[in-house]
Amino acid sequence: MLEAVPLFRKAGIQMKSKKIKIDKVVLAFIGPAFLFYTIFIVLPTISSVYYSFTSWDGINPNIKFIGLANYKEIFTSVRFRNALKNTVILTVFISIFENAIALALALLVDSVKWGKRFFRSAFYIPVLLSGIVSGFIWKIIYNYNFGVINTLLENIGRAGWKQDWIGNPKLTLIMVGVVLVWKGSGYYMVIYLASLQSVSTDVMEASIVDGAGPFQRFKSITIPLISGAFTINFTLSLINGLKVFDQISVMTDGGPGFSTETIVYLLYKSGFNEGRQGYGTAIGIVLLFIIIFLNTVQQKFLKRRETQL
Amino acid sequence: MKKRWITGILCIAIAAGMLGGCASGNSQETTGSQADSKAVEATEPGKQAETEGEESSLISEPVQMTLAFADGDENAKIAITEIANRFMKKYPNVSLLIVPSNGTAYNEFLKTKSGVGEFPEIVEMRDPAGYVRAGMLAPLPAEITSLLQTTAEFDGTVYTAALAAGDTRGIIYNKNYFEENKLEIPKNWDEFIALCEKIEDLGDMAPLAVGAADIWHMGYWFYKIYDDNVLSQDPDFIEHCYDGSADWTSPEVLKTFEQLKQTFTYAQNGWSSTPDAQMPTFLVNDMAAMLYSAPYMFASIESADPDFEMGWFPVADEEGTMRLVGGSVPGGWSISAEAAENPNKKTVGEEFIKFFFAPENYAIYCEALNAIPSTKITPEFNRTQVMDDVIEATKNADNLSVLWNNRVGKDELPPDFRNFTYKTLIEMCQGTKTVETASTEIAATWKTAMQSFNPITGVGIE
């Protein structure tokens, strides 16, 4: 017979006439993680709020309180607006393409008769590379004078198609996005693949008997049944898009000019490179609220879609 | 009871794991330092066996000090390590632990070290102003400053001893190509532009190699043209920008930007994504005829192709006036204020700096880096013809000045202004911004920056 166990009892907390008794075993398990999280995440976040109201340069122990001046500068700064625009473009680009390619790869791997494991591993390999390493590899590939792409174009007699892939301000942001999509798609593919493999074959077979074509089956059965994976993947790619750093640092240093400077990169440059730790921290706080806002909106939208489907 | 036992064992295991992790982290760091210090000590020829030239009277008890420098340049790393070895050989009871800064981003390395309370005790400073204001550097005594030609003062006090004089920039060119095509060394700016035009018309290679993927590389050309057009008219332009009597939309500034834009039309394709490190490749592979750079590039070009015939000339302004980069820079060897509180460490730190500048030791550094000596006594070292040309040019220059971002006092730039300017100028040279837009944006940024940093009013430097 099933026994209804209150949630707090499952969590190891027993309530006896308003007296809370905490299980020591549970405490032993969550204690270290809680301590670490508090020391390395919670406390720095709280102290960041304080530093964002100062003009601290990161060196001088005499920290001066300047009120809302950093925030005022952020919201009037052309450079911040440009970084915000770049961040939005990059996030939208990678959210769409990472998911589209990941889904296509997952469908491909799911449908192949042989070599399923090989393809799954092959598509996943870029995920294993660090952002720095993948940035270096693609920087060499994109190089105008010595890179693989331009050399190939020259060798096939299409020298006129040569581009300064990471030097042309109109192209660079998208080229960085391509690297991020290349690196990230394999990860999302695994999530889609797991979700696809949980789609009941009975439902599929029934739809075939009813005369549904492949597109209809995909649209009306597969998509609704893997909508949970969409929510997870879009949320992850949104967060990853908002905090891209490695590839930009290695490939473009935010340039040429300001064409690939994102909010995170501006934060880093201001705080560490330009001696404005207080201002950089204020950018970090603004970014935190942007992520919370976008994530909340996206979650609401996707959850609603999930329920509708 | 059993539960308590399990809890206890788990707690001990977790605590041991955590401590183990911490310990291994520490040990790694220590090993890193020790490895480097051992690397220093290991290369000491016979520290224990050979005692010739040893002097132990410097300090009464053994002292260990940390030493940090920008080790991105392999030549600098080798030269400074060798001098540190010699110092330890001379003073056996002194141990210098070289703290590796692992190449690039040296300023960030120092900031991190200061943040975690591990600021090096003998340290090469690149941008010392902030550290001087934070009270982290100790004043240097007259017996060190008297060794140098010039020193940078912060409110009348010297905190740094420049490792070398300001890197004089000039055109490094393909000598064979110039001879084959009977190209002549230009005497003024207009002749230089005509030369670029002529090389472009020949169509064999790009007239100029530019590596603006490294943002500081922009400073080479910018400062040259800015010095010729703006500083020649107003040597205290930055100070006057602070007090409001000059600004970034003046005709001289616009002319600077125009000339810069014109110059970059002669750069190789892909200049904005090409790093400075690839510059020798362009020269030695006949992809570009000229490169405007500093003498540190000579060694890289020689190692890229020992047979490459390299020439060097400085570029004059429109009137033929030779305004070059040179003189003492504010960066250099410093001793941390914390180390200076310990009399033994203060003695060792000061002695190391004096030892570094002793001609027989300083020659190692100057030769390895093609550095222009900053000392009054010029050390004897093997110099190439091009290096002789550079030294000769600095002696005959009409004006020598320190780079705009190396100035202190009322000419010190706001913290983020240099990079903003270079990035804006890249966009201007690429054609995504006009000269006027670039000038207006830079002027607007200056006004914003001045609100948080102004040496005239004291804002941001208290």
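Just so it is clear, the model here is predicted, and its values are computed rather than measured.

Caption draft 1: Structural view of the overall build of chain B. A count of helical and extended segments in chain B gives 18 helices and 12 strands. In chain B, buried positions account for 45% of the 462 residues. Within chain B, counting contacts between residues at least 6 apart in sequence, those at least 24 apart form 76% of the total.

Caption draft 2: Quick peek at the overall build of chain A. Looking only at helices and strands, chain A has 14 helices and two strands in total. By the compact-globule yardstick of 19 Å for 309 residues, chain A is too spread out, its C-alpha radius of gyration being 25 Å. Buried positions account for 34% of the 309 residues belonging to chain A. Taking contacts inside chain A between residues at least 6 apart in sequence as the whole, the part at least 24 apart equals 70%.

Caption draft 3: Representation of the domain arrangement of chain B. Residue and element names in this part refer to chain B. Looking at the assigned domains, one finds that chain B contains domain 1 (36–165 + 329–381) and domain 2 (170–325 + 392–452). Taking only C-alpha atoms, the centre of domain 1 and the centre of domain 2 are 31 Å apart. The interface is formed by 10 residues belonging to domain 1 together with nine residues belonging to domain 2. Taken together, the residues that form the side of domain 1 that touches domain 2 break down as seven nonpolar, two polar and one charged.

Caption draft 4: Highlighting the interface of chain B and chain A. Across the contact, 33 residues belong to chain B and 28 residues belong to chain A. Taken together, the elements giving at least two residues each to the side of chain B that touches chain A come down to α1 (2–42), α3 (106–115), α4 (129–133), α17 (417–430) and α18 (435–452) of chain B. A per-class count over the side of chain B that touches chain A returns 11 nonpolar, 15 polar and seven charged.

Caption draft 5: Molecular detail of helix α7 (residues 189–202) of chain B. Residues and elements named next belong to chain B. The end-to-end C-alpha distance of α7 is 20 Å, a good match for the 20 Å that 14 residues give at a rise of 1.5 Å each. Taken together, the buried residues of α7 touch β7 (206–209), α8 (218–231) and β8 (288–293). Positive backbone phi, at 75°, marks G203, one or two positions downstream of α7.

Caption draft 6: The domain arrangement of chain A, seen in detail. Entries for chain A in the domain assignment read domain 1 (10–51) and domain 2 (71–308). For domain 1 of chain A versus domain 2 of chain A, the distance between C-alpha centres works out to 34 Å.

Caption draft 7: Expanded view of the packing of helix α6 (residues 131–142) of chain A against helix α8 (residues 172–197) of chain A. All names here are of chain A. At a minimum axis separation of 11 Å, α6 and α8 run at an interaxial angle of 130°. By the criterion of interaxial angle, the relationship of α6 to α8 is oblique. Considering only the axes of α6 and α8, their crossing is right-handed. Contacts between α6 and α8 pair S134, G135, W138 and Y142 from the former with M175, V179 and K183 from the latter. Tallied by class, residues from the contact of α6 with α8 come to four nonpolar, two polar and one charged.

Caption draft 8: Structural view of unusual backbone geometry. The residue after G255(A), namely P256(A), is reached through a cis peptide bond having omega 0°. With respect to the helices and strands, P256(A) occurs in the loop between α12 (246–251) and α13 (263–273). The phi dihedral of D155(B) is positive, around 50°, even though this residue is not glycine. Taking the number of C-beta atoms within 10 Å as the measure of exposure, D155(B) has 8 and is therefore exposed. A positive phi angle is found at N370(B), which is not glycine, with a value near 50°. For N370(B), the position within the fold is in the loop between α15 (359–369) and α16 (385–396).

Caption draft 9: Layout of the confidence of the model for chain A. Overall, the prediction assigns chain A a mean pLDDT of 87, with 92% of residues at 70 or greater. This model gives residues 1–8 of chain A a pLDDT under 50, and the stretch forms three contacts once residues within four places in sequence are excluded.

Caption draft 10: Spotlight on the sheet that holds β8(B). All names here are of chain B. Strand order across the open sheet formed by four strands is β7-β8-β6-β9, with mixed pairing between neighbours. Two strands close off the open sheet at either side, each with one partner strand: β7 and β9 (310–313). Neighbouring strand axes in the sheet, compared pairwise and without regard to direction, differ in orientation by 25° on average.

Caption draft 11: Representation of the nonpolar core within the structure. With 128 residues, the main nonpolar core has A288(B) and Y365(B) as its most contacted residues. Per-element tally for this core: the top contributor is α8(B), with eight residues. Two domains share this core, each providing at least three of its residues, namely domain 1 (36–165 + 329–381) and domain 2 (170–325 + 392–452) of chain B. Each residue touching A288(B), except ones within four places of it in the same chain, is listed here: M205(B), A206(B), L208(B), A209(B), Q268(B), F282(B) and L283(B). Listed in part, the 27 residues of the second largest apolar core include L180(A), V181(A), M251(A) and Y265(A).

Rules behind the numbers
Residues numbered from 1 in each chain as written. Chains lettered and ligands numbered in written order. Predicted model: local features only at pLDDT ≥ 70, side-chain atom pairs only at ≥ 80, totals over all residues. Helix = DSSP H or I, 4+ residues; strand = E, 2+ residues; numbered from the N terminus. Buried ≥ 20, exposed ≤ 12 C-beta atoms within 10 Å, placed from the backbone. Contact = placed C-beta atoms within 7 Å. Rg over C-alpha atoms; globule rule 2.2 N^0.38 Å. Domains from an automatic or database assignment. Nonpolar A, V, L, I, M, F, W, Y, C, P; charged D, E, K, R; others polar. Expected span 1.5 Å × (residues − 1). Axes fitted to C-alpha atoms, helices over the stretch in contact; angles between N-to-C directions. Parallel < 35°, antiparallel > 145°, perpendicular 65-115°, else oblique. Left-handed = near helix turned anticlockwise from the far one by under 90°. pLDDT = per-residue confidence, 0-100. Pairing = 2+ DSSP bridges. Core = buried A, V, L, I, M, F, W, Y, C linked by C-beta atoms within 7 Å.

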